[in-house]
Amino acid sequence: MKRRNFLLGGILGSGAMLTTPWISSWASAPEKRRRSKPFMDGLVISTWNAGIVANEHAWKTMQEGGSALDMAEKGVNAIEADFSNRYVGLGGLPDREGTTTLDACIMDSKGMAGSVMCVEKVKYPSSLARLVMERTPHVQLVGAGAQQFAVEQGIALDDYVSEEAQQMYDEWLVKSEYKPVINVENHDTIGLLAMDRMGDLAGVCTTSGMAFKMKGRVGDSPIIGAGLYVDNEVGGATATGLGEAVVRTCGSFLVVELMRQGMSPQEACEVAVDRIRKKHANVKDFQVGFLAVNKAGEVGAFSVQPGFSYALHKHGENKLFQAGSLFKG
Ligand code: ASP
């Protein structure tokens, strides 16, 4: 008996194995998927309008011979370096003390992961997350420790402060209200999933987090399993929106596990959004969006509120789409 069937048999008894249709389809789903042909044309999918630019950079990286991991990193580096962006990188809106702190995580096709949280003055937090993954025995580094590691790796600290972000902060200080606004300009992130021409997957998620967040607040974006999860045997997922809701439900991990059980990426994203609905009485008041891709190169996208855009680079075309949503507006 195969090991998984043995384990299931152990839990349920062998009679249950034979008579429970849900379990038998669940158990055979991974086998079916392994037989399905992996997508080998290259693919990139990423959150929000800025995804178009990120996808271009990821694609170019692939054409130059880069791996899925290189595609993911270089794709979002382009957005991190754009200081006119208020939601990712050092141009991002600050916390309630007036300091911009950045969160990012990255995962490769071997299941390795790296993450930095609440790091200051680092222009490319996703690259720093990659260094954590590749050059330390750890997965996560936080705050001053993450910054110290950056310096040790030869990264020059960057003191950039956006005048516009500072002005928005000054305006916010007048009332100092902390209200996550749906879709609109006080939260955003770039999550990107890349598949290279070997059919291997990697992903990255990077953000300055919720605007005017509490000092030290960390959302879902740098949390492996919340803002991002990649399993090269199954697929990958990334999330954006109210990080607290995504962390509570292990959102991206949930999406990947639902795909492992046989769901399409689209079904998995919809079920994950529904899980968020079930667990949050105030679901009408916030936005969360998921993106997913499986090994066959099928993608899915779904959000709580309308207005979640994503960019897909597939079959040589890079296009912006609107995801379906739980509420219709
Ligand atoms: N998920 C991010 C956070 O909670 C923000 C966002 O995606 O808009 O920090």
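Residues numbered from 1 in each chain as written. Predicted model: local features only at pLDDT ≥ 70, side-chain atom pairs only at ≥ 80, totals over all residues. Heavy atoms only, no water.

Peer 1: Mind showing me how you'd approach the site of the ligand here?
Peer 2: Close contacts around the ligand come from 11 residues, with D188, T189, R217, D220 and T240 the closest. Note that an oxygen atom of the ligand is positioned 2.6 Å from one of the side-chain N or O atoms of T189. For the ligand, a nitrogen atom lies 3.5 Å from a polar atom in the side chain of S221. Looking at the shell around the ligand residue by residue, the classes come out as 1 nonpolar, 7 polar and 3 charged. (Near = heavy atom within 4 Å. Polar contact = N/O pair within 3.5 Å; in protein donor to acceptor, adjacent residues only side chain to side chain. Nonpolar A, V, L, I, M, F, W, Y, C, P; charged D, E, K, R; others polar.)

Peer 1: Looking at this structure, I do not really get the confidence of the model for the protein chain. What am I missing?
Peer 2: As a note on interpretation, predicted positions should not be read in detail where pLDDT is low. This prediction gives the protein chain a mean pLDDT of 89; 87% of its residues lie at or above 70. Low confidence marks residues 1–27, where pLDDT is under 50. Its contacts with residues over four positions away, or in another chain, come to 18 contacts. (pLDDT = per-residue confidence, 0-100. Contact = heavy atoms within 4.5 Å.)

Peer 1: Hey, could you run me through the nonpolar core in this one?
Peer 2: Among soluble globular proteins, nonpolar side chains are generally buried collectively. Among the nonpolar cores identified, the biggest contains 47 residues, and V255, I276, V288 and F290 are the most heavily contacted of them. With residues up to four places along the chain from it excluded, the contact list for V255 reads A237, A268, C269, A272, F290 and A292. Grouped together as the second largest cluster of nonpolar side chains are 20 residues, A54, L69, M133 and L192 included. (Core = buried A, V, L, I, M, F, W, Y, C linked by side-chain atoms within 4.5 Å. Buried < 20%, exposed > 50% of the residue type's maximum accessible area, 1.4 Å probe, protein only.)

Peer 1: Help me understand the packing of helix α6 (residues 125–135) against helix α7 (residues 143–152) in this model?
Peer 2: When two helices pack together, you describe them by how their axes are tilted relative to each other and by the distance separating the axes. One can describe the packing of α6 onto α7 by two numbers: an axis separation of 11 Å at closest approach and a directional angle of 80°. Classified by the interaxial angle, the pair formed by α6 and α7 is roughly perpendicular. Of α7, the residues touching α6 (which contributes L128, L131, V132 and R135) are A146, F149 and A150. Taken together, the residues of the contact of α6 with α7 break down into 6 nonpolar, no polar and 1 charged. (Axes fitted to C-alpha atoms, helices over the stretch in contact; angles between N-to-C directions. Helix = DSSP H or I, 4+ residues; strand = E, 2+ residues; numbered from the N terminus. Parallel < 35°, antiparallel > 145°, perpendicular 65-115°, else oblique.)

Peer 1: Looking at this model, I keep getting lost on the pattern of salt bridges. Mind explaining?
Peer 2: Oppositely charged side chains can pair when the atoms bearing their charge come close. Here the structure, examined in full by the defined rule, presents 12 salt bridges. One salt bridge in this structure joins K121 and D159, with 3.0 Å as the shortest N-O distance. Of the two residues, K121 sits in the loop between β3 (113–119) and α6 while D159 sits in the loop between α7 and α8 (163–175), which places them 38 residues apart along the sequence. Since its relative accessible area comes to 32%, K121 is described here as partly exposed. For E244, the salt bridge goes to R217, with nearest N and O atoms at 2.8 Å. Of this pair, E244 sits in helix α9 (residues 243–248) while R217 sits in the loop between β6 (201–207) and β7 (228–231), and the two are 27 residues apart along the sequence. (Salt bridge = Lys/Arg side-chain N within 4 Å of Asp/Glu carboxyl O.)

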